[in-house]
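The primary structure of each chain is shown beneath.
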Amino acid sequence: MCFNSKAGYNQSGSNPPSKPIYSSRLYFKTGEQKNDIPTLHSPLLFIFAAMSKEVVLSGIRPTGFLHLGNYFGAMRNYVRMQDAYNCYFFVANWHALTTHPDTKELQNSVHRVIAENVACGLDPEKVALYVQSDVPEIAELYLYLNMLAYKGELEKTTTFKDKARLQPDNINAGLLTYPVLMASDILVHRAVKVPVGKDQEQHLEMARNFAERFNFRYGNVFPAPQAFNFGDDLVRIMSLDGNGKMSKSENQMATIFLADDDDSIRKKIMKAKTDSGPAAPDSVKPDYIENLFTLLKLVSAEDVHQKFNDDFNKCSVRYGDLKKQLAEDMVQFVKPIRERAADIQNDKALLTKIMHQGKEKARTSAAATLTEVRNAIGMNY
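Within each chain, residues carry numbers counting from 1 in the order of the written sequence. Given that this is a predicted model, residues contribute local features only at a pLDDT of at least 70 and side-chain atom pairs are listed and counted only at 80 or more, while totals for whole chains, interfaces and linings are drawn from all residues. Hydrogens are left out, water is left out, and the side-chain values use all remaining heavy atoms of the structure.

## Examining the nonpolar core
Next, step 1: Think of a nonpolar core as a cluster: buried Ala, Val, Leu, Ile, Met, Phe, Trp, Tyr and Cys residues, connected wherever their side-chain atoms sit within 4.5 Å. Residue burial is assigned from relative accessible area. The probe radius is 1.4 Å, only protein chains are included, and a residue is buried under 20% of its type maximum, exposed over 50%, and partly exposed in between. Grouped together as the largest cluster of nonpolar side chains are 66 residues, with contacts concentrated most on Leu-68, Phe-72, Phe-89, Leu-240, Ile-256, Met-330 and Phe-333.
Next, step 2: Looking at this core element by element, the count peaks at eleven residues for helix H14 (residues 319–346).
Next, step 3: The contact definition used throughout considers only heavy atoms, calling two residues in contact when any of these lie within 4.5 Å. If we skip the residues at most four places from it in the chain, Met-330 touches Leu-68, Ile-256, Ile-265, Ile-269, Leu-295 and Val-299.
Next, step 4: Ranked by size, the runner-up nonpolar core spans 42 residues in total, among them Tyr-88, Ala-149, Ala-183 and Val-373. Comment: elements are numbered from the N terminus, with helices defined as DSSP H or I runs of at least four residues and strands as E runs of at least two.

Set out below in structure tokens:
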């Protein structure tokens, strides 16, 4: 679930930073020294410092590995948001249980998502980066909002019908009430901006409905959350086989994961779908060819992209050369993210510090909301 940059990023480019983008208070030391993680800031200071900023919230399910589509469609924008907004970003491990009941790999997946988000540029000092199940207030609000959700509307949601068709032997109550839990994730921080993809727009509309029903029945507590994106800066990355967007679970040989090693990246790109080339000058590029040029524009030098684009327009493009260039530039793009994420994931003390810091910030915000919710309902005996 991705309710689907610029600390340390060049404003005009997309290349990952050359070193970890932690604040000066959170960084690696080499040799035998351990990570220097000072006493955490008070979560109240985080709240007070961010009070003048609008609240942005987004989550991602720890199911599968994060890929280029996640990075350019969401994570890059998260990094841009962290200075301009009061940001809450979380790993949606409760949501994962609705479709992935086997939890043997869940802990590793949660740690990997945290590590990859930080490696991509999220600063745990600037945002609340937390695990969903570390904030029990979400579950309490989920209970209250379920009293405002109706069976008929939940059964009509597109994602429920799709998931029920995919897993007919596991149509659980959590799957049915998925939009209610998503609404709780959003409303518990009274978020007003929610980056969402097309597949989540219906859920966001339902979150607004639940907020309005609560306010009508009990009193004005929740703002109406709105969809949020960066307009022209949004990038859609297609699968390398030309079939839809990159996916955690579909054809993995057509998806570039942030954890892929160099050879895997090269092999995947060299197998990317192409054709015999344009038949006339200045032809319109097919989607799968346009996707290669999009990737080239994102990770290669501007003159490289321009050279191959000119070659295409003149009907002289050599796709083999293009893919070799793209493969090497993609290796240089992904490698520092992969290596930093691995360093973070292998440092359990650092991961614990990051998650604890995020939990404290998230619970401070959520507890304030739940106090108002209980008072409004009358659950303040």
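## Concerning the packing of helix H2 (residues 68–84) against H14
Next, step 1: Axis angles are defined between N-to-C directions and span 0 to 180 degrees, where every axis is a line fitted to C-alpha atoms and, for a helix, only to the segment in contact. In the contact formed by H2 and H14, the axes pass within 12 Å of each other and the chain directions differ by 75°. Considered as vectors, H2 and H14 are oriented roughly perpendicular to each other. For the pair H2 and H14, contact is made by Leu-68, Tyr-71 and Phe-72 and by Met-330, Phe-333, Val-334 and Ile-337, respectively.
Next, step 2: Here the contact of H2 with H14 is built from residues that sort into seven nonpolar, no polar and no charged. Angular relationships are summarised with four words: roughly parallel below 35 degrees, roughly antiparallel beyond 145, roughly perpendicular across 65 to 115, and oblique for the angles in between. Charged means Asp, Glu, Lys or Arg here, nonpolar means Ala, Val, Leu, Ile, Met, Phe, Trp, Tyr, Cys or Pro, and polar covers whatever is left, Gly included.

## Considering the pattern of salt bridges
Next, step 1: In the sections that follow, a salt bridge refers to a side-chain nitrogen of Lys or Arg positioned within 4 Å of a carboxyl oxygen of Asp or Glu. Tallied over the full model, the rule gives 15 salt bridges.
Next, step 2: Here Glu-137 and Arg-363 are joined by a salt bridge, their closest N and O atoms 2.8 Å apart. Within this pair, whereas Glu-137 is found in helix H5 (residues 136–146), its partner Arg-363 is found in helix H15 (residues 348–377), the two being separated by 226 residues in sequence.
Next, step 3: Note on Arg-363: relative accessible area 33%, which makes it partly exposed.
Next, step 4: The partner of Asp-321 in a salt bridge is Arg-318, with the nearest N and O atoms 2.9 Å apart.
Next, step 5: On the basis of relative accessibility, which here comes to 34%, the residue Asp-321 falls in the partly exposed class.
Next, step 6: Judged by relative accessible area, Arg-318 falls into the exposed class, the value being 57%.
Next, step 7: By sharing partners, the salt bridges in this structure join Asp-263, Arg-266 and Glu-328 into a single network.

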